[in-house]
Amino acid sequence: MAMKGGFTRGRRALEMVEGLGTTLALLGLLVALLYAVTRPAVRVRIDLTEGATYELGEQTLQVLGALEEPITFVSLMQPATDALAKATGLADAQVAAARYVNALMHEYVLASGGRARLEVLRPDRHPEQIRALVDQLHLTRLNLVLVRGPTRTVLVFLDEMVTIDPGDEDLQAELVDLRAEAPLTSALLSVRAEVPPRVGFLIGKGGPQIDDFGEFGVGLFAESLRGQGLDISTFDLFERAEVPPELDVVVVLGPTQPLGSAAATALLDFHADGGALLLGLDPEQPEAEDGSLEGLLAQLGLVRSKGILATDVGLGVGFARGLVPVRTFAPHEITAPIRRQRLFARFPLAGAIGRHPSAAADVVLEPIALSEADVWADRPVGEQGFGDFTFSEDDSELRGARWLGVVVEADEGGRVVVFGSSRFLGNQYLGSGGGQANSDLGIHTVNWLANRSDAIAPRVRSIYESKVELYEAETHEVFVYTVLLLPLGGLLLGLAVWFVRRR
């Protein structure tokens, strides 16, 4: 019997040791996990958001892995505080957008291996630091991110990273789209480069201006290009009929005056020397008597239609029929992200682009933006610059898909992209609440022309998330329950079991 009692006491001691060992092991595991998730060097985040909102793309990871100098992200977010913004929900939408951007930048920091860091400056906590940055960088507004490298700083504005429907008195504001990775990664590429690509806009021929933020200007487009880290400037061809040799890309948008033979020759010489051209030509654009514009296009292997594309699908009437939706984007580096996102662009009062009958055999044309098959080319009526936007059953107007954007590839010369419209890059089609595909198409085109294919890496972003936001007090409660109370409860339970079995 003594032997049996000794065996029982030994079993009880063994069970107690096992219970204590299990409890200590669980406690150690929880402490290790807590340590891991609070250490940037070893932290791994599991992204459960729909669309992998915070999962960085392969190109972004490559850019971060190639960083040789430290990079700093500075977040300057100031959500609206006025009564109307609060009533319509705009303030809440801006707060949610700022949280998304800051969380995504935190992922950049984690993936950089210590080569990037994040500073979040809030107007209520860091007014002096913000004021100093405003004076230093001549900022005219907040709600942006500064991407700072060793020698350069690039601005990325909130409306480039998200789309917010501002709502009104009847409809609440809504955070529509999240797309911060593309502009942030492009900014990283820009601050990493010693000399940014230089883009020159031709002026002096009329057309939209890059310093015009009104309805018919292209100020938003130029600002977006600057946000990409591109060096934007203007030039004319009056005093010297030669494109500045330091330019990498020349942009010609919707001139309202004849181009002239000297300007056309200067552009062709620039192209022959390897310079890249972006032409946005409206169908009613005037021709010079010497046929300079048509001659320029012919040299590039192109011809443009004089008819204005229109569609009678939907409820549009009159000029509204001239707003052609573009849902078909052919496979190309420029359009690949837009195709993945399944977005559509809007081309107002546009013309078709085609292959010139005498184009050289080595000229390869790749259409990248195409209309639907229900579109027709509306012919001008009398001396008017526009048609009547009513389909004619005769042979003068035929339905069919048209090319609205074309890439020109040739054995010699620089890259060329031609669109049958300049208006699709206008402020009214790039503003808040829409125009993402229009903006992306223009920005991706310039990046491609500037040989910055690695800057074309946006991905689909969904605003529907499985992320849980915790306040500081709630985080403390989670710590207490998981690190203190749960292990302590296991320890007490083990002791209770041992005590009961001992009796």
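Residues numbered from 1 in each chain as written. Predicted model: local features only at pLDDT ≥ 70, side-chain atom pairs only at ≥ 80, totals over all residues. Heavy atoms only, no water.

A.B. asks: In this structure, what is going on with the overall build of the chain? I would like to understand it.
C.D. replies: Counting its secondary structure elements, the chain contains 13 helices and 20 strands. Counting all 503 residues of the chain, 45% fall into the buried class. Put simply, 74% of the contacts in the chain that link residues at least 6 apart link residues at least 24 apart. Carbon together with sulfur atoms contributes 55% to the accessible area of the chain, which is approximately 25500 Å² in total. (Helix = DSSP H or I, 4+ residues; strand = E, 2+ residues; numbered from the N terminus. Buried < 20%, exposed > 50% of the residue type's maximum accessible area, 1.4 Å probe, protein only. Contact = heavy atoms within 4.5 Å. Areas by Shrake-Rupley, 256 points an atom, 1.4 Å probe, with all protein chains shown as cover.)

A.B. asks: Honestly, the side chain of Thr163 in this entry has me stumped. Any pointers?
C.D. replies: Here Thr163 lies in strand β5 (residues 162–165). Side chain to side chain, Thr163 and Arg179 meet in a polar contact 2.4 Å long. (Polar contact = N/O pair within 3.5 Å; in protein donor to acceptor, adjacent residues only side chain to side chain.)

A.B. asks: Please clarify how the nonpolar core should be interpreted in this entry.
C.D. replies: Proteins that are soluble and globular tend to have nonpolar side chains buried together. Counting 43 residues, the largest nonpolar core has Phe201, Phe221, Phe347 and Val417 as the members making the most contacts within it. The element contributing the most residues to this core is helix α12 (residues 436–449), with 6 residues. Val417 has contacts with Leu277, Leu278, Leu279, Ile334, Ile368, Val406, Val407, Thr445, Trp448 and Leu449, leaving out every residue within four places of it along the chain. Ranked by size, the runner-up nonpolar core spans 37 residues in total, among them Ala116, Val156, Ala173 and Ala455. (Core = buried A, V, L, I, M, F, W, Y, C linked by side-chain atoms within 4.5 Å.)

A.B. asks: Mind showing me how you'd approach the packing of aromatic side chains here?
C.D. replies: Centre-to-centre distance and the angle between the planes together describe a pair of aromatic rings. Counted according to the given criterion, the structure contains 6 aromatic pairs. Consider the rings of Phe73 and Tyr108, whose centres lie 5.5 Å apart with planes at 75°: the pair is edge-to-face. In this pair, Phe73 is assigned in strand β1 (residues 71–76) and Tyr108 in helix α4 (residues 90–111), connecting sequence segments 35 residues apart. Phe73 gets classed as buried once you look at its relative accessible area, which sits at 0%. Seen from their ring centres, Trp376 and Phe391 are 5.3 Å apart, and the 65° between their planes marks the pair as edge-to-face. (Phe/Tyr/Trp six-rings, centres within 6.5 Å; stacked < 30°, edge-to-face > 60°.)

A.B. asks: Just to check I follow, could you spell out the sheet that holds strand β20 (residues 416–419) for this structure?
C.D. replies: Paired through backbone hydrogen bonds, the strands of a sheet run either parallel or antiparallel to each other. Spatially, the 8 strands line up as an open sheet ordered β8-β7-β9-β10-β20-β19-β17-β14, and their pairing is mixed. Both edges of this open sheet fall to β8 (231–235) and β14 (328–329), since each of them pairs with a single strand only. Docked against the sheet, α12 engages β7 (198–202), β9 (249–253), β10 (276–280), β14, β19 (403–409) and β20, running at close to 160° with respect to β20. (Pairing = 2+ DSSP bridges. Axes fitted to C-alpha atoms, helices over the stretch in contact; angles between N-to-C directions.)

A.B. asks: What is the right way to read the pattern of salt bridges from this model?
C.D. replies: When charged atoms on two side chains of opposite charge get close, those side chains can pair. With the rule as written, the count across this model stands at 8 salt bridges. Among the salt bridges present, the one from Glu294 reaches Arg304, with a minimum N-O distance of 3.1 Å. Taken together, the residues span a long stretch of sequence, with Glu294 in helix α10 (residues 292–299) and Arg304 in strand β11 (residues 302–304) at a distance of 10 residues. As far as burial versus exposure is concerned, Glu294 and Arg304 are alike and both buried. Residue Glu294 pairs with Lys306 through a salt bridge whose shortest N-O separation is 4.0 Å. A residue pair is termed long-range when its members are at least 10 positions apart, and Glu294 in helix α10 and Lys306 in the loop between β11 and β12 (308–310) qualify at 12 residues. A relative accessible area of 19% means that Glu294 is categorised as buried. Within the structure, one salt-bridge network assembled from shared partners comprises Asp282, Glu284 and Arg423. (Salt bridge = Lys/Arg side-chain N within 4 Å of Asp/Glu carboxyl O.)

No statement about biological role is implied by the geometric values presented.
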